[in-house]
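Residue strings, one per chain:
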Amino acid sequence: MLTDNPSSQPPTCHGVIAVDLSREQPPKEALEEPVAMQTAKHSPKAMKKSTAEEGTTYDKNKDLIVNQIFGGGDQSFFICSQQEEDLEPVDQRLALFSCPIMTLSVQWVELLEQTIEDNQEERLRELEVIFSSSALLNGSFIRGNEMLSNDELSVLQQSSSHTRVLLRSFSIERDLPASSHHNISFDSALHLLQRIEALTDAHAAMASRMEAALHHCTVTLVPMVQDSEELRIYLILPLCRLFAEARHYESLQIPYAVSVLELKKKRLWADRCLDMWLTSTDTVYFQRLVDIYKRIVIYVIDQTSSNKQYIATRWQQYLLTSLSLLEKLHHISVSSHSKLSYDSFYIPELTTKVDISADYQSWVEQQRFGRPGQYAISFCRFPFVFDAPAKTVLLQTDAALQMQFSNHLYPPGGSWRSTGAEYV
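Residues numbered from 1 in each chain as written. Predicted model: local features only at pLDDT ≥ 70, side-chain atom pairs only at ≥ 80, totals over all residues. Heavy atoms only, no water.

> What should I look at first to understand the packing of helix α4 (residues 106–115) against helix α5 (residues 120–131) in this one?
Two numbers describe a pair of packed helices, the interaxial angle and the distance between the axes. Interaxial distance between α4 and α5 falls to 10 Å at its minimum, and their mutual angle equals 150°. Judged by the angle between their axes, α4 and α5 are roughly antiparallel. Taken as a pair, α4 and α5 cross one another with a handedness that is left-handed. The residues of α5 that touch α4, namely those facing Trp108, Leu111, Leu112 and Thr115, are Gln120, Arg123, Glu126, Leu127 and Ile130. Considered class by class, the residues forming the contact of α4 with α5 number 5 nonpolar, 2 polar and 2 charged. (Axes fitted to C-alpha atoms, helices over the stretch in contact; angles between N-to-C directions. Helix = DSSP H or I, 4+ residues; strand = E, 2+ residues; numbered from the N terminus. Parallel < 35°, antiparallel > 145°, perpendicular 65-115°, else oblique. Left-handed = near helix turned anticlockwise from the far one by under 90°. Contact = heavy atoms within 4.5 Å. Nonpolar A, V, L, I, M, F, W, Y, C, P; charged D, E, K, R; others polar.)

Have a look at this one:
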């Protein structure tokens, strides 16, 4: 709303400029003036004075039409016209094809394939911009106004009632059509990403810059999301081939897992929404995500074995983060009526790479006596990763501990006192 009082600007807008389209455009010299001076000249008070001097009529009580609104950084302004001009406002809900938002689209990938040899630097800059921005990736691979498939509807209907109750509790249904489904076309996403990855195989510079861009995007993920549409990035990133390679765990998979796990602490409604989206994904995608973090666990264990000094520090934290995300996925699988079989979460390599017996003894000490165990993390906290051989070792270790505990309380050769109150 325009007013004669310049101090009545909204506190969140800086340098608001109202431009009256019914007036002639300012001369070229005015465009070269400082921004502060231009802002003062185009203030509502200055506009009224200027139009009065030019002999035009301006009635502050008449409505103005806001034609366009612009915002970004610390500047916001709008363009308006008087109602008599009959200029239609720009519908900013529609995409402007003359200045489209850069996304990972079929058209852009085709342009990349056709011009990567002739205009490599420009294409690589665009690649960096897209893959380093969670906002641009969020806007990619979106399906049109399609209805859910029958399979997707069936999965959602079978999902845990506990999840649906929590979604209602945290007002997810305020925007249910948007939040109930991610609207990502996984087939399109995989196809386009594979075409880009084929180019990175032939261009080493492209591969390194794409890796750096993805690293920037992942480490800047913020769990303080404001809308469900911001959660699409959590489904898109695991589709990248680099994300499936365990050697990138410090720059990609671990920061990703930390952000996902933080959602429960910072935005519980977003955590439940992401759970529902993961429930609606197909088995292939869900298994892919589980396999990624199973490989991370083994990779970190191998790194720990060759660098003993880090056992109690950062790699223990990496293990805890990876196993905690697997625990979250296991819970989603169970709550959706076994989306994956139980053996899909087994990590058979643990039997040969981890001293399961010592791990179990350390865990028992922590549980029974509250003593700090030998390791900062115990695999026994995550029993769903143990296969049959590992469980056999656990049972044998438990039987031995029970016998030791019994012998400690009732040593051989002892007898009950006459009172029957004590064993000596």
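Having seen the structure, we can now continue with the description.
> How do you make sense of the environment of Glu262 when you look at a structure like this?
With respect to the helices and strands, the residue Glu262 is situated in helix α13 (residues 249–266). Separated by 38 residues in the primary sequence, Glu262 and Met224 place their C-alpha atoms 8.9 Å from one another. If we ignore the near neighbours within four places in the chain, the residues touching Glu262 are Pro223 and Arg267.

> Mind showing me how you'd approach helix α16 (residues 314–335) here?
Working note: α-helix, 3.6 residues per turn, so residues spaced by three or four point in the same direction. In this model, α16 (22 residues) spans 32 Å end to end at C-alpha, consistent with the 32 Å of a helix rising 1.5 Å per residue. Where burial is concerned, most of α16 is hidden: 16 out of the 22 residues are buried. Positive backbone phi, at 60°, marks His337, one or two positions downstream of α16. (Expected span 1.5 Å × (residues − 1). Buried < 20%, exposed > 50% of the residue type's maximum accessible area, 1.4 Å probe, protein only.)

> What should I look at first to understand the packing of aromatic side chains in this one?
For any pair of aromatic rings, the description rests on two quantities: the centre-to-centre distance and the angle between the ring planes. Tallying each qualifying case throughout the model produces 9 aromatic pairs. Residues Tyr249 and Tyr299 carry aromatic rings whose centres are separated by 5.5 Å and whose planes lie at 65° to one another, so their mutual orientation is edge-to-face. With Tyr249 in helix α13 and Tyr299 in helix α15 (residues 283–306), this residue pair connects regions lying 50 residues apart in the sequence. Classification of Tyr249 as buried rests on a relative accessible area of 4%. By relative accessible area, which is 28% here, Tyr299 ends up partly exposed. When the ring of Tyr249 is compared with that of Tyr318, the centres are 5.5 Å apart and the planes differ by 80°; the resulting orientation is edge-to-face. Note that Tyr249 is positioned in helix α13 and Tyr318 in helix α16, a separation of 69 residues in sequence. Through a chain of ring-to-ring contacts, the aromatic side chains of Tyr234, Phe243 and Tyr256 assemble into a single cluster. (Phe/Tyr/Trp six-rings, centres within 6.5 Å; stacked < 30°, edge-to-face > 60°.)

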